[in-house]
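Structure at a glance
Take a look at the letters that make up each chain.
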Amino acid sequence: MIYILIIFKKLLHKSAKELTANSCFLIAVCLTLAGCDSFVEVDLPASQLTAKTVFEDAGTANAAMAGLYAKMRDGGLLNGNSNGVSCNLGLYADEFDYYYAYDVSNFYTNSLFPGELGVNDIWNKSYSQIYSANAVLEGLDNSISIAEANKKQLQGEAIFVRALLHFYLLNLYGDIPYITTTDYSQNSKVSRMPADKIYSLIVMDLNKAVELLSEDYVSPERILPNRSTATALLARVYLYMGMYPEASNAASSVINNPLYIWETDLDKIFLKGSSTTIWQFMPNTSDSNTAEGSLYIFTSGPPPVVGLKPEFVNAFEQGDQRKTHWTTEVTDGVSTWYHASKYKQQSTTPSSVEYSIVFRLAELYLIRAEARAYQGDLIGAKEDLNLIRTTAGLTNTTAVTAEEIITDILNQRRFELFTEFGQRFFDLKRTGKLDETLSASKTGWNTTDSLWPLPALELNSNPNLNPQNPGY
C-alpha cells in the first residue's frame, strides 16, 4: 500500500512475506518514539524499545503518542511550514500570492501532476502517521499493565488522529483507502473506497473517540485532544455530509462546554492560553513559537515565500477589525504587500507565547449557524453569525432569508478562518463554488483541479489504487 511501508521493507532487506505484522509494528512504534520532543516529559531509554516494552509502561506509551503529534506538527498535512495544507491550499485557492524567486509553485498555478513532490509528501507522511496511530492502538490492545483510564485516553487520541488524517486525505484526493491495521500484506493490496463509505468510517471512529477521551484536558495547555476535540471534528464532518441536525448538536456540545469561553479581543485569540482554543500543537522548544508565524510574517518586501493576495485583503467589509488585527501591510513606498498576522511572533521569545491552533471555538459557532440555517432556524443561525460579526467589529447581519444568511455565514468563514488548514478551499468545494470562484481569479484553474492526483509511485506499487483521478 503506502509507499512508506515499501521503504521500511527495503531498509530491512526483507521480502513481503518476511515483513510480518509484528516487525511492521515495531518499526512504526520506534519511528513514532523517535519523533518525541517537548510534548513529553519522560526520557526514553537509549536502547531500542520492543513493542511489548513500550506498552508495558504508561510513560513510554504516552511518549509514543506524543511522538506522533510531533510528527504531525513538523510534517504532513497539518504542519505550519510551506509544505503543509494551510500554505499549499492558500496558494491553490485564492488566499496567497507566491513570491519565492527560486521555484514555481505548482500549487499556485494549479498545475499539479502525479509525480509532484508536495502531493507525494502529504500522502506518504499522512499514511505514515495513520500507520503509527494504528501501531499505538494495536500495542494498547495487547497491553495488560497500563491503567484502564490511561489506556482509554490513548486509544481515543489515536482513533481521533486516524479519523482526522483520513478526513483531510478524502477531501484532497477523493476516494482513498481507510487504513486500520499495521498488517503489511493487507495494506499492500488495499483499494480505494467511495467517499460515503469513508465518511461512515470517520464518523464511527470519531464516535468511538468521543466515548474514550476524557472530558477534561490531560495537559493544561490543550496540546492533547479531549472529548470536545473529537466532537468538534465530528461537527465539521456532519456539516460536510449535509447532516445538519447532527452538526448543530455536535457543535452545541462543544460551545456549551464551560472549558471554552468566548474571547472578544482579536489579539488574544491566537495566544497559547486562549480560552477559545480546543486543540493546538506545542512548538518543539520552550522558546519557539509557530511555524506559521515564521513563514507568513515579513518586515520588508517582497515577501520571501508567500503574501496575502491584495484582492483578499481588499475584500474585507468596511470596519472589519480582523483586517486590522489579523493582516499587516508592508510597503517600500512604491509597492505594497500583505501578510497574515493572526500569529504575531516570527521567531523565538524567552518562552513560547503562541502555539499552532488546529481547532478553535469560532469554527463551531459558524458550523452551528450554517446547520441551523439549513434547518430553518433562522433566529438561532443569526445569533451565532452575529457573535462572529460583532467580535470582528461589524454590525449585525442584514440577511433575512435562509439563502442570504448562509451566504453571509460562508463570507464570514472566509475572513474568520483564512490560512487555517485550507478551510477556504474546502468551503468552496463542498458548496459547489470552486469553479465559478477560482476560474474567475486563476488562469490555470480546471474543473478537475477539485481533486489532487494520486502519487504515481503509489499507483505503480499498488495497482488496486487505480484509476488515477480525472485530469491527471
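Residues numbered from 1 in each chain as written. Predicted model: local features only at pLDDT ≥ 70, side-chain atom pairs only at ≥ 80, totals over all residues. Heavy atoms only, no water.

Section: the overall build of the protein chain
The number of helices and strands found in the protein chain is 20 helices and six strands. Considering the protein chain as a whole, with its 472 residues, one finds that 59% of them fall into the buried category. A fraction of 71% describes how many contacts in the protein chain between residues 6 or more apart in sequence connect residues 24 or more apart. (Helix = DSSP H or I, 4+ residues; strand = E, 2+ residues; numbered from the N terminus. Buried < 20%, exposed > 50% of the residue type's maximum accessible area, 1.4 Å probe, protein only. Contact = heavy atoms within 4.5 Å.)

A word on the packing of aromatic side chains
The full count for this structure, using the stated rule, is 28 aromatic pairs. Taking the centre distance of 5.1 Å and the plane angle of 40° together, the rings of F96 and Y296 count as tilted. Within this pair, whereas F96 is found in strand 1 (residues 96-98), its partner Y296 is found in helix 12 (residues 291-296), the two being separated by 200 residues in sequence. Like F96, the residue Y296 is buried in the burial classification. Taking the centre distance of 4.5 Å and the plane angle of 45° together, the rings of F316 and F415 count as tilted. Of this pair, F316 sits in the loop between helix 13 (310-314) and helix 14 (321-326) while F415 is found in helix 17 (residues 402-416), placing the two residues 99 residues apart along the sequence. Of the residues examined, F316 reaches a relative accessible area of 7% and is grouped as buried. We classify F415 as buried; its relative accessible area is 2%. The ring of F418 carries K342 above its face, with NZ or CZ at 4.2 Å from the centroid. (Phe/Tyr/Trp six-rings, centres within 6.5 Å; stacked < 30°, edge-to-face > 60°. Lys NZ or Arg CZ within 6 Å of the ring centre and 35° of its normal.)

Examining the confidence of the model for the protein chain
Close reading of the predicted structure is inappropriate where its pLDDT is low. Residues at a pLDDT of 70 or more form 89% of the protein chain, whose mean pLDDT is 91. Scored below 50 in pLDDT, residues 1-27 shows 56 contacts in the model against residues more than four places distant or in partner chains. Below pLDDT 50 for its whole length, residues 33-50 participates in 37 contacts with residues either more than four positions away or in separate chains. (pLDDT = per-residue confidence, 0-100.)

Comments concerning the nonpolar core
Residues M72, F160, Y173, I202 and W452 are the most contacted members of the largest nonpolar core, which totals 130 residues. Of all the elements, helix 7 (residues 148-173) adds the most residues to this core, at 14 residues. Beyond its immediate stretch of four places on either side in the chain, F160 contacts L206, A209, P225, T229, A230, L233, W279 and F359. (Core = buried A, V, L, I, M, F, W, Y, C linked by side-chain atoms within 4.5 Å.)

Brief notes about the side chain of H339
Relative to the assigned elements, H339 resides in strand 5 (residues 336-340). Every residue in contact with H339, bar those within four places of it in the chain, is listed here: Y296, I297, F298, L308, W326, T327, T328 and V330.

So, the side chain of N469
Within the element layout of this structure, N469 appears in the segment after helix 20 (456-461). Given the relative accessible area of 6%, N469 is considered buried. Separated by 3.0 Å, the side chain of N469 and the backbone oxygen of Y173 make a polar contact. Those residues in contact with N469 that sit more than four places away from it in its chain are Y173, R192, L451, W452, P453 and L454. (Polar contact = N/O pair within 3.5 Å; in protein donor to acceptor, adjacent residues only side chain to side chain.)

Quick word on empty space enclosed by the protein
Going through the model one piece at a time under the given rule, you end up with three cavities of 30 Å³ or more. Volume-wise, the largest cavity comes out at about 100 Å³. What lines the largest cavity is a set of 13 residues, among which E292, Y296, K342, Y343 and T419 lie closest to the centre. Top element by residues in the lining of the largest cavity is helix 12. It accounts for three residues. Per-class residue counts for the lining of the largest cavity are seven nonpolar, three polar and three charged. What the second largest cavity holds in volume is close to 40 Å³. (1 Å grid on protein atoms, 1.4 Å probe; cavity = no way out; pocket = protein on both sides within 12 Å on 5 of 7 lines; lining within 4 Å. Points joined across faces, edges and corners; volume = space filled by probe spheres on them. Nonpolar A, V, L, I, M, F, W, Y, C, P; charged D, E, K, R; others polar.)

Some details on helix 18 (residues 423-430)
Judged by how many residues are buried, helix 18 sits mostly within the fold: six of eight residues are covered. Of the positions making up helix 18, those classed as buried are Q423, R424, F425, F426, D427 and L428. Turning to helix 18, the residues buried within the fold contact helix 5 (85-92), helix 7, helix 10 (227-241), helix 15 (361-375), helix 17 and helix 19 (434-441).

A look at the pairing of strand 6 (residues 356-360)
Within strand 6, five of the five residues are buried, leaving the element largely enclosed by the surrounding structure. Sheet analysis places strand 2 (residues 277-281) next to strand 6, joined by four bridges and oriented antiparallel. In the sheet register, T277 faces strand 6, and the bridge partner there is R360. (Pairing = 2+ DSSP bridges.)

What to know about the environment of L364
Tracing the backbone shows L364 in helix 15. Along the sequence, L364 and A235 sit 129 residues apart, while their C-alpha atoms lie 7.5 Å from each other. When sequence neighbours within four positions are dropped, the list of residues in contact with L364 reads A232, A235, A251, V254, I255 and I278.

Structural notes on the pattern of salt bridges
Going through the model one piece at a time under the given rule, you end up with 23 salt bridges. Linking D94 and R424 is a salt bridge whose minimum nitrogen-to-oxygen distance equals 2.8 Å. Highlighted residues: D94 in the loop between helix 5 and strand 1 and R424 in helix 18, separated in sequence by 330 residues. Residue D94 is classed as buried on the basis of its relative accessible area of 8%. Its relative accessible area of 14% is what places R424 among the buried residues. Note that E317 and R389 form a salt bridge whose closest N and O atoms lie 3.2 Å from each other. Here E317 is found in the loop between helix 13 and helix 14, whereas its partner R389 is found in helix 16 (residues 378-391), with 72 residues between them in sequence. Through salt bridges that share partners, D320, R322, K342, R360, E416 and E420 make up one connected network. (Salt bridge = Lys/Arg side-chain N within 4 Å of Asp/Glu carboxyl O.)

Here we look at the environment of P225
When you line up the elements, P225 lands in the loop between helix 9 (195-212) and helix 10. Expressed as a C-alpha distance, the spacing of P225 and S214, which sit 11 residues apart in the sequence, is 8.6 Å.

Topic: helix 6 (residues 117-141)
The end-to-end C-alpha distance of helix 6, which contains 25 residues, comes to 36 Å, matching closely the 36 Å that a straight helix rising 1.5 Å per residue would cover. Of all 25 residues in helix 6, 21 are buried; the element is thus mostly enclosed. (Expected span 1.5 Å × (residues − 1).)

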